[in-house]
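Here is what each chain is made of, one letter per residue.
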Amino acid sequence: MKKLTLDEIKGIELEILNYFDKFCSENHLQYYLDGGTLLGAVRHKGFIPWDDDIDVLMPRYDYEKLVKLSVKIDDRFILKSYKLDSDYSYPYMKIVMAGTSIIEKNISYHGYGVFIDIFPMDCLPNDEYKRQKFQNKIWALTNMANYAVEDKIERHGLISNIKKKVSRLVGIQTILKLIDKEAVKYESDDALYAYDVIASTKKDRLVRKNVFDETVKLPFEGKMYNAPSKYDEYLTELYGDYMQLPTLDKQYSDHNFEAYIEEMGDCDE
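Residues numbered from 1 in each chain as written. Predicted model: local features only at pLDDT ≥ 70, side-chain atom pairs only at ≥ 80, totals over all residues. Heavy atoms only, no water.

J.: Hey, could you run me through the nonpolar core in this one?
T.: Buried together is how nonpolar side chains tend to be arranged in soluble globular proteins. Ranked by size, the top nonpolar core spans 79 residues in total, and within it Phe-20, Leu-33, Met-58, Leu-66, Ile-118 and Phe-220 carry the most contacts. Excluding its chain neighbours within four sequence positions, the residues that come into contact with Met-58 are Phe-20, Cys-24, Leu-29, Gln-30, Tyr-31, Tyr-63, Leu-66, Ile-118, Phe-119, Pro-120 and Met-121. (Core = buried A, V, L, I, M, F, W, Y, C linked by side-chain atoms within 4.5 Å. Buried < 20%, exposed > 50% of the residue type's maximum accessible area, 1.4 Å probe, protein only. Contact = heavy atoms within 4.5 Å.)

Listed below in structure tokens is the structure:
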């Protein structure tokens, strides 16, 4: 196995994104660049210089359709979902490059390779009280999922130890099913708010659903990809003054992994 450099990892991620974009076009699936990838497209026309991943967002209907279409995916790539792999431990999907592997610290599950993340976009209740209750429940369940798979919990104390034990007793597969069951409760054409609630880094985001009503193309590392037409409103909710670069002490990736790829002859007897 050959250890990959950061530039090699980014190159593989772009290869996955290119394939994913083509696959979605051929199968009439909607997607958008999301999170730091969308920010990178708008501010840098590519990766944020200190970032090392790619995120995309899909409406829930298309997201579930992708699972059903997984058998059509090229053998160079693997769609990872708890619905397809009982060992998978995330509440969202990944497409990984076959023949690669990642060792990510503090995570007990290492059975995936270099990837892009695929998040589902779910609707929220229009009523404020119901919306807060919904967001609190999703937040609690996704925290349970983290406790169920983290090898080393940075949070200490009696409550954290209890949460870890309870989460592992319930089991990651059951928790992931509970997350999905809760997340789709408010899918509706009349919903006013929607975003990648199960992958959000903030509990109480408020993103208008019509942000995603239309699609535009934005440049990312020399090619054009789908983005929500109202990306300014979306990025402002995610990052505030997103065109302002963070201070130097915040210009780093919080990912902590090593990536490898099989070389010719690795599988020879």
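J.: What is the right way to look at the layout of surface pockets in this model?
T.: Empty space among the atoms becomes visible once a probe the size of a water molecule is rolled across them. The computed volume of the second largest pocket comes to approximately 170 Å³. Lining the second largest pocket, in full, are Pro-59, Arg-60, Tyr-61, Met-121, Cys-123, Glu-187, Ser-188, Asp-189, Ala-194 and Lys-209. When residues of the lining of the second largest pocket are traced back to their parent elements, those giving at least two are α3 (60–68) and β7 (115–124). Broken down by class, the residue content of the lining of the second largest pocket amounts to five nonpolar, one polar and four charged. (1 Å grid on protein atoms, 1.4 Å probe; cavity = no way out; pocket = protein on both sides within 12 Å on 5 of 7 lines; lining within 4 Å. Points joined across faces, edges and corners; volume = space filled by probe spheres on them. Helix = DSSP H or I, 4+ residues; strand = E, 2+ residues; numbered from the N terminus. Nonpolar A, V, L, I, M, F, W, Y, C, P; charged D, E, K, R; others polar.)

J.: Any chance you could explain the packing of aromatic side chains here in plain terms?
T.: Two aromatic rings, taken as a pair, are described by how far apart their centres are and by the angle between their planes. Overall, the coordinates contain 13 aromatic pairs when judged by the stated rule. Arranged with centres 5.7 Å apart and planes meeting at 50°, the rings of Tyr-88 and Tyr-90 form a pair that is tilted. Across this residue pair, the class does not change: Tyr-88 and Tyr-90 are buried. An aromatic cluster of at least three residues, connected via ring pairs, comprises Tyr-88, Tyr-90, Tyr-92, Tyr-112, Phe-115 and Phe-119. Lying across the ring of Phe-47, Lys-10 places its NZ or CZ 5.1 Å from the centre. Between Lys-94 and the ring centre of Tyr-112, over which it is positioned, the NZ or CZ distance is 5.3 Å. (Phe/Tyr/Trp six-rings, centres within 6.5 Å; stacked < 30°, edge-to-face > 60°. Lys NZ or Arg CZ within 6 Å of the ring centre and 35° of its normal.)

J.: Help me understand empty space enclosed by the protein in this model?
T.: Per the counting criterion, the structure on display carries one cavity of 30 Å³ or more. Estimates place the volume of the largest cavity at around 60 Å³. Considering the residues around the largest cavity, the lining is formed by Tyr-63, Glu-64, Val-67, Ser-81, Tyr-82, Lys-83, Tyr-88, Tyr-90, Pro-91, Tyr-92, Met-93 and Asp-180. When residues of the lining of the largest cavity are assigned to their parent elements, the largest contribution, three residues, is made by α3. Among the residues forming the lining of the largest cavity, the class breakdown is eight nonpolar, one polar and three charged.

J.: Quick question: what am I supposed to make of the pattern of salt bridges here?
T.: Pairing between side chains becomes possible if they bear opposite charge and their charged atoms approach one another. Taken as a whole and assessed by the stated rule, the structure comprises 15 salt bridges. Residues Arg-76 and Glu-15 are paired through a salt bridge, measuring 3.3 Å at the closest nitrogen-oxygen approach. Highlighted residues: Arg-76 in the loop between α3 and β4 (77–80) and Glu-15 in helix α1 (residues 6–26), separated in sequence by 61 residues. Taking the relative accessible area as the measure of exposure, Arg-76 reaches 40% and is therefore partly exposed. Residue Glu-15 is classed as partly exposed on the basis of its relative accessible area, which comes to 34%. Ionic pairing is found between Glu-233 and Arg-208, a salt bridge with its closest N-O pair at 2.7 Å. Here Glu-233 is found in helix α7 (residues 231–239), whereas its partner Arg-208 is found in the loop between β8 (193–195) and β9 (215–220), with 25 residues between them in sequence. (Salt bridge = Lys/Arg side-chain N within 4 Å of Asp/Glu carboxyl O.)

J.: Even after reading the chapter, I still don't get helix α5 (residues 158–170), so can you show me in this structure?
T.: Side chains three or four residues apart in an α-helix point the same way, a direct result of the helix having 3.6 residues per turn. Taking 1.5 Å per residue as the helical rise, α5 with its 13 residues ought to reach 18 Å, and the 18 Å between its terminal C-alpha atoms agrees with that figure. Positioned one or two residues after α5, Gly-171 has a phi angle of 95°, which is positive. (Expected span 1.5 Å × (residues − 1).)

J.: Whenever I open this one, the environment of Tyr-61 confuses me. Can you help?
T.: Within the secondary structure, Tyr-61 is located in helix α3. For the pair Tyr-61 and Pro-120, spaced 59 residues apart in sequence, the C-alpha to C-alpha distance is 8.7 Å.

J.: Help me understand the pairing of β7, please; the structure alone is not making it clear to me.
T.: Consecutive side chains of a regular strand alternate in pointing toward one face of the sheet and then the other. Burial analysis of β7 places ten of its ten residues in the buried class, which makes it a mostly covered element. As paired strands, strand β3 (residues 55–59) and β7 are joined by five bridges and run parallel to one another. Bridge pairing in β7 places Pro-59 opposite Met-121. Sheet topology note: the strand β5 (residues 93–97)/β7 ladder contains four bridges and is antiparallel. The residue bridging Lys-94 from the neighbouring strand is Asp-117, located in β7. (Pairing = 2+ DSSP bridges.)

J.: Looking at this structure, how should I read the pairing of β3?
T.: Buried residues dominate β3, accounting for five of its five residues. On β3, burial covers both faces: Asp-55, Leu-57 and Pro-59 on one face and Val-56 and Met-58 on the other are all buried. In this sheet, β3 lies alongside strand β2 (residues 32–33) in antiparallel orientation, the contact comprising two bridges. The residue of β3 that forms the bridge with Tyr-32 is Leu-57.

Note that all results are geometric; they support no functional claim without further evidence.
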